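# Descriptive structure summary
Read off the chains here:
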Amino acid sequence: VVITVGKFSVADVFDTNQYAHDARIDFLNWAAIDAGTFDYAADAWGYTAGAAVEWYQGVWTLRGGLFDLSTVPNSAHLDPGFHEFQSILELERRHEINALPGRLALTVFDSRGRMGLLEDAVKLAESTGTAVDIAAVRRYRDRVGASLNLQQQLANDLGVFARLGKAGGNVEAYEFTDIDRSVSAGLSLQGTRWHRADDTLGLAAINNGISAARERYLNAGGLGILVGDGRLPHPGPEQIIETYYSLAVLGAAHLSFDYQWINHPAYNRDRGPVSAVAVRLHAQF
């Protein structure tokens, strides 16, 4: 039994993956390092207060947690009275295929807080002739979601990962991303084949989508946590390819070069594709 209590990141315990989970050392896109639909409790910096319990039995692990939500979606302040909260349950099974380790995990969350229904915000704006304002229709309600998380070693230096997620598409996203359904998969290759054992080459493909209700909300001028153009007349799935190369330098440091190709950014067929290039230096002692 492992018990974690305090202020920490939910993602340190839930939805972890050896090959795609840490923006300091592997992928950068939020829908690659976690299930894009995992709207986990956090303040604006990604931390929350709460507790998690993990029970390990052979190849199985059962995890549960209760965490504080922000006072309002994506706020810098957590709810001081814990009246808005999130419960999480995760079941993990470890296995071996041809003596190579792997794991599969199912994660389910339920956020309970003051959230607005997207259709209510659109209807209020239409009836009053005002701008769409999700805050005006917030009531105490739930948003639930679930995701599957797979990691599998294919060779001593090669691993594969995949995630599949779905979350409630009629309610505003609360903490993480404006994603109602997401599929991601990719590979992670160590550099042993070219005599660079501490280097890593990663490749991921991601497909994100939103509900019809969120499409109408964004097209009416509604704003999400991260997206909102004032109009979305031609919605489409957000499609992403990301690759990175992490170069080990000076023993304790890694220099990474990352490239992302994003088609229909923010679900808008009238935009993109967009290229995003990044350089990352991470040192750990």
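Attention here is on the structure that accompanies the text. (Residues numbered from 1 in each chain as written. Predicted model: local features only at pLDDT ≥ 70, side-chain atom pairs only at ≥ 80, totals over all residues. Heavy atoms only, no water.)

### Observations regarding the pairing of strand 4 (residues 85–97)
Sheet analysis places strand 3 (residues 60–68) next to strand 4, joined by 9 bridges and oriented antiparallel. Paired with Trp60 across the bridge in strand 4 is Arg93. Two elements, strand 4 and strand 5 (residues 100–116), share 13 bridges in a ladder whose sense is antiparallel. Across the sheet, residue Leu91 finds its bridge partner in strand 5, namely Leu106. (Pairing = 2+ DSSP bridges. Helix = DSSP H or I, 4+ residues; strand = E, 2+ residues; numbered from the N terminus.)

### Describing the pattern of salt bridges
Evaluated as defined, the whole model comprises 17 salt bridges. The residue Arg214 makes a salt bridge to Asp180 at a minimum N-O spacing of 2.8 Å. With Arg214 in helix 3 (residues 212–219) and Asp180 in the loop between strand 7 (158–167) and strand 8 (181–191), this pair connects stretches of sequence that are 34 residues apart. Residue Arg214 is classed as buried on the basis of its relative accessible area, which comes to 3%. A salt bridge links Arg271 to Asp229, with the shortest nitrogen-to-oxygen separation between them at 3.2 Å. Residue Arg271 is located in the loop between strand 11 (253–263) and strand 12 (274–283), and its partner Asp229 is located in the loop between helix 3 and strand 10 (238–249); the two are separated by 42 residues in the primary sequence. It is possible to trace a salt-bridge network through shared partners that takes in Glu54, Arg63, Glu90, Glu92, Arg94 and Arg103. (Salt bridge = Lys/Arg side-chain N within 4 Å of Asp/Glu carboxyl O. Buried < 20%, exposed > 50% of the residue type's maximum accessible area, 1.4 Å probe, protein only.)

### Topic: the environment of Ala167
By the secondary structure assignment, Ala167 is in strand 7. Remark: the alpha-carbon pair of Ala167 and Ser147, spanning 20 residues in sequence, is separated by 8.5 Å. Other than its neighbours up to four places away in sequence, Ala167 contacts Thr37, Phe109, Arg143, Val144, Gly145, Ile179 and Asp180. (Contact = heavy atoms within 4.5 Å.)

### Thoughts on helix 3
Each full turn of the α-helix corresponds to 3.6 residues, which orients residues three or four apart in the same direction. Of all the residues in helix 3, the buried ones are Ala213, Arg214, Tyr217 and Leu218. Burial along helix 3 is one-sided: seen end-on, the buried residues are contained in an arc of 130°. Next to the buried residues of helix 3 lie helix 2 (118–128) and strand 6 (138–155). Positive phi shows up at Gly221, right after helix 3, with a value of about 105°. (Arc of directions from axis to C-beta.)

### Quick word on helix 2
Turning to helix 2, its buried residues are Leu118, Ala121, Val122 and Ala125. All buried residues of helix 2 project into a common sector of 95° when viewed along the axis, lining one side. Those residues of helix 2 that are exposed and angled more than 90 degrees off the buried face are Lys123 and Ser127. Each element contacted by the buried residues of helix 2 is listed here: strand 5 and helix 3. Just past helix 2, the residue Gly129 takes up positive phi, approximately 70°.

### A closer look at the sheet that holds strand 4
The strand order across the open sheet formed by 12 strands is 1-2-3-4-5-6-7-8-9-10-11-12, and the pairing between neighbours is antiparallel. Edge positions in the sheet fall to strand 1 (2–8) and strand 12, since each has one partner strand and no second. Pairs of neighbouring strands in the sheet enclose a mean axial angle of 15°, with direction left out of account. Bridge analysis of strand 5 against strand 6 gives 15 bridges, and the strand direction is antiparallel. Within the sheet, the bridge partner assigned to Asp110 lies in strand 6 and is Val144. (Axes fitted to C-alpha atoms, helices over the stretch in contact; angles between N-to-C directions.)

### Observations regarding the environment of Phe38
Structurally, the position occupied by Phe38 is in the loop between helix 1 (30–33) and strand 2 (48–57). The class for Phe38 is buried, based on a relative accessible area of 1%. Residues Phe38 and Asp180 lie 142 residues apart in sequence; the distance between their C-alpha atoms is 9.2 Å.

### Here's the deal with the nonpolar core
Generally speaking, nonpolar side chains in soluble globular proteins are found buried as a group. In this structure, Phe27, Ala121, Ile134, Phe161, Tyr217 and Leu218 are the most contacted members of the largest nonpolar core, which totals 28 residues. Counting only elements with at least two residues in this core, the list comes to helix 1, helix 2, strand 9 (196–209), helix 3 and strand 10. Here this core gets 4 residues from one element, more than from any other, and that element is helix 2. Setting aside its immediate chain neighbours within four residues, Ile134 contacts Gly116, Leu117, Leu118, Ala121, Glu172 and Tyr217. In terms of nonpolar packing, the next biggest core, distinct from the first, is built from 20 residues, Val13, Ala41, Ala167 and Val171 among them. (Core = buried A, V, L, I, M, F, W, Y, C linked by side-chain atoms within 4.5 Å.)

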